[in-house]
Each structure stands twice: as C-alpha cells, then as structure tokens.
Amino acid sequence: MSKAAELANLIGNINAGGGGVNRNVIINGAMNVAQRGTSETGISTAGYYTVDRFKLATNSAGRSTMTQEAITDLPGFANAIKLDCTTADTSLDTGEYLQLSQYIEGQNLQTFAKGTSDAKPMTVSFYVKGNGNATYMCELYDGDNGRRSGIQFSVTSSWNRVSLTFDGDTTGAFDDDNALSLYVNLWLAAGSGYSGGSYTANTWAANVNANRAVGADNFYSSTDNEFFITGFQMEVGQNATTFEHEPFERTLEKCLRYYEIIKPLGISNGVFGFGGYYSSSLVFLDLVYKQKRSTSPSFEQTTITNGYLIETNSSSDYWNSFTGMLRATDTRAQIYTNSDVSGTAGMAGLCWTNSTNTFLAVEDEL
C-alpha cells in the first residue's frame with residue numbers, strides 16, 4: 001500500500017474514532033514473545049503453548065505442532081505462529097473444531113462503544129499464508145452478550161495481508177472490567193455442529209453455533225497443511241492501518257500480566273526468593289509479581305527430587321515441590337511446602353533451585 005493510501009486510511013479511521021498510537025487491542029500481534037517455549041508437538045487439547053496470548057483450542061482426532069517460527073520472507077516481521085498438521089482428521093465429527101484465538105478484557109474494548117448508538121467499526125487485519133489455497137473464518141464473539149459476527153478470509157501459499165471490517169454493534173455493551181469479554185477466533189476446522197448453518201458476512205446476531213464457521217476448510221484434512229500468521233491487529237475504524245510495532249519490552253510487559261515466569265527452565269542454582277520456617281516442617285516463600293495480575297493467579301511448577309532448597313545458617317534443606325499457594329492477591333502471594341523439610345521455626349534464608357529442570361510460574365489467562 002502506498003504512503004498516500006496509508007495516510008488516507010489513517011485519516012478515515014480518525015474520523016471513525018480510531019487511529020493514533022496504542023490503537024491495536026491485540027497483544028503480541030508480531031508474535032515476538034514466547035515465554036512458554038517455541039514449539040509444542042502433538043497438540044490435542046486447548047491451551048497456551050508457544051506465542052504468548054494466543055490460545056490454540058481443539059477437539060479432534062487431528063493433531064498439530066505449533067511453533068514460534070522465525071521468518072525472513074515478510075519485510076518488517078521476524079516471527080510468526082506456524083501450525084503444522086501432523087495427524088490428519090479427514091472426516092470431522094459434528095462437534096470437532098480447531099481455533100486460534102486471542103481473548104480480550106472488556107476494559108480494553110471500551111473505545112469501540114459497542115452496545116451504544118455510537119458503536120464503532122472494528123477492523124481486524126493480519127498477514128497470513130499456508131501451503132496452498134484455503135478458506136477460513138474470522139469470528140468476533142461477544143461473550144458478555146452471546147452475540148457474534150464472522151467474515152471468511154482466504155489463504156494462499158504467499159504472504160497476504162487480510163483486512164476484515166466488522167460493523168459496529170449497537171446491541172450489547174462490553175462489561176468494563178478485567179474479565180473476558182471478546183473472543184477473536186480464527187476457525188481453521190469445524191464439524192457440522194459449527195459449520196452446518198448459514199453464512200451472512202459481517203452481521204452481528206445472537207449466537208447460533210451452526211453458523212459460526214460456515215465455509216471454513218478443514219486444516220486437519222492433510223498432513224501437508226500448514227498455516228502461518230503474524231502482524232495481527234484489531235483497531236477502531238473502517239480501515240486497516242499499518243501494523244503498530246512496539247518495543248519488545250513493552251509487549252513483554254503486557255504479556256506478563258497474564259503469564260509470568262518466576263524461575264525458567266535451563267538454570268540451576270538460581271535464587272528465586274526469600275523464605276522462612278513457619279514451623280519445623282513448613283516453609284513459606286513470599287512472591288511479589290513483576291506485573292499486577294488481572295485475577296488471583298494459579299501456580300505452575302515442576303516436581304523434581306530435591307529440586308528446591310532453602311539455605312539458612314550455613315545449612316541447606318531440600319524439597320521436591322511446593323504444596324500450594326496462599327493469600328494470593330493481584331500483587332503478591334505466598335507459596336509453601338510442608339513436605340520433605342525439617343528446620344527451625346523462625347529461621348529464614350534464600351530459596352534456590354537445585355536443577356536445570358525446575359520451573360515456576362504464575363498464570364491467570366482469561
């Protein structure tokens with residue numbers, strides 16, 4: 001697109017209430033942050049696997065590998081999500097599906113003025129390619145009001161920027177809170193329970209499951225199938241503006257709100273906090289998060305024989321895993337163990353990891 005056309009689009013979006021900085025409500029749209037890792041194979045259940053904030057949900061006999069893929073053939077972008085079908089499912093049952101999604105809090109969507117007479121258009125854009133021609137569905141699903149709208153998009157074997165403009169919806173406002181309000185779903189496979197109805201592009205309506213992915217091809221149809229995506233953006237206005245790049249550290253800061261690694265894999269003898277003995281068999285450790293959590297988080301860890309230790313008064317006490325988390329708030333929590341430890345009540349010291357395979361994180365994805 002020429003500079004003049006870009007300027008015209010930006011002006012058009014400003015007239016519709018968009019444009020400017022901080023216009024992209026998608027987090028990590030350049031696929032730069034992947035705290036959990038860069039590859040996950042044999043995916044059979046829903047989860048966050050590689051690139052932060054992008055959830056892969058599946059219910060199928062088909063299997064896929066999801067990677068954060070380094071790319072060199074799309075100027076301005078260094079990373080993409082790649083999906084590779086590794087086990088085919090050529091005949092989808094009624095309830096089978098594959099979705100790539102990002103979930104967005106209501107408080108980050110108020111600029112769209114949904115549910116008011118001044119509702120703004122929502123434009124979703126992304127760069128996409130595959131191993132050949134395919135058609136898939138982009139869906140906006142309003143979880144607060146049970147309403148949805150969908151637009152089909154095409155994929156070829158070359159990078160192409162898809163731009164999809166959804167009309168503003170004057171029915172059903174997004175809740176102004178930190179809970180999940182909007183599902184941005186890419187339907188890559190769908191059985192008849194989600195695709196056997198009728199398709200009307202760009203029309204907000206009460207949800208009917210059978211209408212959600214009409215016309216979407218089946219990514220699981222062949223182990224030759226691949227799907228690449230990057231430059232994911234959603235903004236106010238009737239035009240897609242140039243993708244809004246931001247510094248890596250700013251993207252990471254946003255991602256940490258939902259997933260924060262306390263101690264990564266691959267590092268041994270790493271100090272991860274200061275703890276103490278509440279009693280001879282109970283050790284507490286205070287955690288202060290880098291980013292304020294959106295809700296009280298869950299705790300992730302690996303269980304490793306003698307994987308954790310507390311060093312007090314020139315002696316070390318080891319344990320295999322933490323028992324749980326207590327007193328969690330949006331800023332801090334306590335994790336504790338009451339197994340395998342034996343010390344002196346009131347003693348305190350640094351807590352270490354004793355294995356490269358130890359891992360600690362907090363998560364509160366939507």
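Not measured: the values here are computed from a predicted model.

> How should helix 3 (residues 248-256) be read in this particular structure?
An α-helical turn contains 3.6 residues, so any two residues separated by three or four positions project in the same direction. Among all positions in helix 3, only Thr-251, Lys-254, Cys-255 and Leu-256 are buried. Considering only its buried residues, helix 3 is in contact with strand 14 (259-263).

> What is the right way to look at the pattern of salt bridges in this model?
Two side chains that carry opposite charge are able to pair once their charged atoms sit near each other. One pass over the full model with this rule turns up 19 salt bridges. Arg-36 is the partner of Glu-363 in a salt bridge, and the nearest nitrogen-oxygen pair spans 3.0 Å. Here Arg-36 lies in the loop between helix 1 (3-15) and strand 1 (39-43) and Glu-363 lies in strand 23 (residues 360-363), a separation of 327 residues in the sequence. Through salt bridges with shared partners, one network takes in Arg-36, Arg-53, Glu-363 and Glu-365.

> Looking at this structure, I do not really get the sheet that holds strand 22 (residues 348-353). What am I missing?
In sheet architecture, strand pairing relies on hydrogen bonds along the backbone and comes in two forms, parallel and antiparallel. Across the sheet, seven strands lie side by side as 19-18-22-15-16-21-20; this open sheet has antiparallel pairing. Each edge of the open sheet is held by one strand with a lone partner, namely strand 19 (315-319) and strand 20 (324-326). Each strand axis lies, on average, 35° off the axis of its neighbour in the sheet, ignoring direction. Note: strand 15 (residues 271-279) against strand 22, five bridges, orientation antiparallel.

> In this structure, what is going on with the nonpolar core? I would like to understand it.
Here is a general trend for soluble globular proteins: nonpolar side chains tend to be buried in one another's company. Judged by nonpolar contacts, the single largest core of 45 residues is most densely connected at Phe-126, Phe-153, Leu-186, Phe-227, Phe-232 and Met-234. Setting aside residues up to four positions removed in sequence, Met-234 forms contacts with Arg-23, Asn-24, Val-25, Ile-26, Ile-104, Phe-112, Met-122, Thr-123, Val-124, Leu-140, Leu-182 and Val-184. Core analysis: the second largest hydrophobic core is formed by 17 residues, Leu-287, Tyr-289, Val-341 and Leu-360 among them.

> Would you explain the state of the cysteines in this entry?
A covalent bond bridging the sulfur atoms of two cysteines is what the word disulfide describes. According to the stated counting rule, one finds zero disulfides in the structure shown. Between Cys-138, a free cysteine, and Cys-255, which holds the nearest cysteine sulfur, the sulfur-to-sulfur gap is 20 Å.

> For this particular structure, what's the right way to read the pairing of strand 6 (residues 97-105)?
Looking down a regular strand, the side chains alternate between one sheet face and the other. Extensive coverage of strand 6 is indicated by the burial of nine of its nine residues. Here strand 6 shows two buried faces, one formed by Tyr-97, Gln-99, Ser-101, Tyr-103 and Glu-105 and the other by Leu-98, Leu-100, Gln-102 and Ile-104. Bridge count between strand 3 (residues 55-59) and strand 6: five bridges; the pairing is antiparallel. In the sheet register, Asn-59 faces strand 6, and the bridge partner there is Tyr-97.

> How do you make sense of the environment of Gly-106 when you look at a structure like this?
Inspection of the secondary structure assignment puts Gly-106 in the loop between strand 6 and strand 7 (122-130). Residue classification places Gly-106 among the buried residues on the basis of a relative accessible area of 0%. In the structure, Gly-106 is positioned 255 residues away from Ala-361 in sequence and 25 Å away in space, judged by C-alpha atoms. When sequence neighbours within four positions are dropped, the list of residues in contact with Gly-106 reads Phe-174, Asp-175, Asp-177, Ala-179 and Ser-181.

> How should I be thinking about the side chain of Lys-55 in this particular structure?
The topology assignment puts Lys-55 in strand 3. Buried and unpaired, Lys-55 has no salt bridge, with Glu-365 as the nearest side chain of opposite charge at 8.5 Å. When near neighbours in sequence (up to four residues on either side) are disregarded, Lys-55 contacts Ala-46, Gly-47, Tyr-48, Gln-99, Leu-100, Ser-101 and Tyr-103.

Here is what the cut-offs are and how they apply
- Residues numbered from 1 in each chain as written.
- Predicted model: local features only at pLDDT ≥ 70, side-chain atom pairs only at ≥ 80, totals over all residues.
- Heavy atoms only, no water.
- Buried < 20%, exposed > 50% of the residue type's maximum accessible area, 1.4 Å probe, protein only.
- Helix = DSSP H or I, 4+ residues; strand = E, 2+ residues; numbered from the N terminus.
- Contact = heavy atoms within 4.5 Å.
- Salt bridge = Lys/Arg side-chain N within 4 Å of Asp/Glu carboxyl O.
- Pairing = 2+ DSSP bridges.
- Axes fitted to C-alpha atoms, helices over the stretch in contact; angles between N-to-C directions.
- Core = buried A, V, L, I, M, F, W, Y, C linked by side-chain atoms within 4.5 Å.
- Disulfide = S-S within 2.5 Å.
- Lys, Arg positive; Asp, Glu negative; His and termini not counted.

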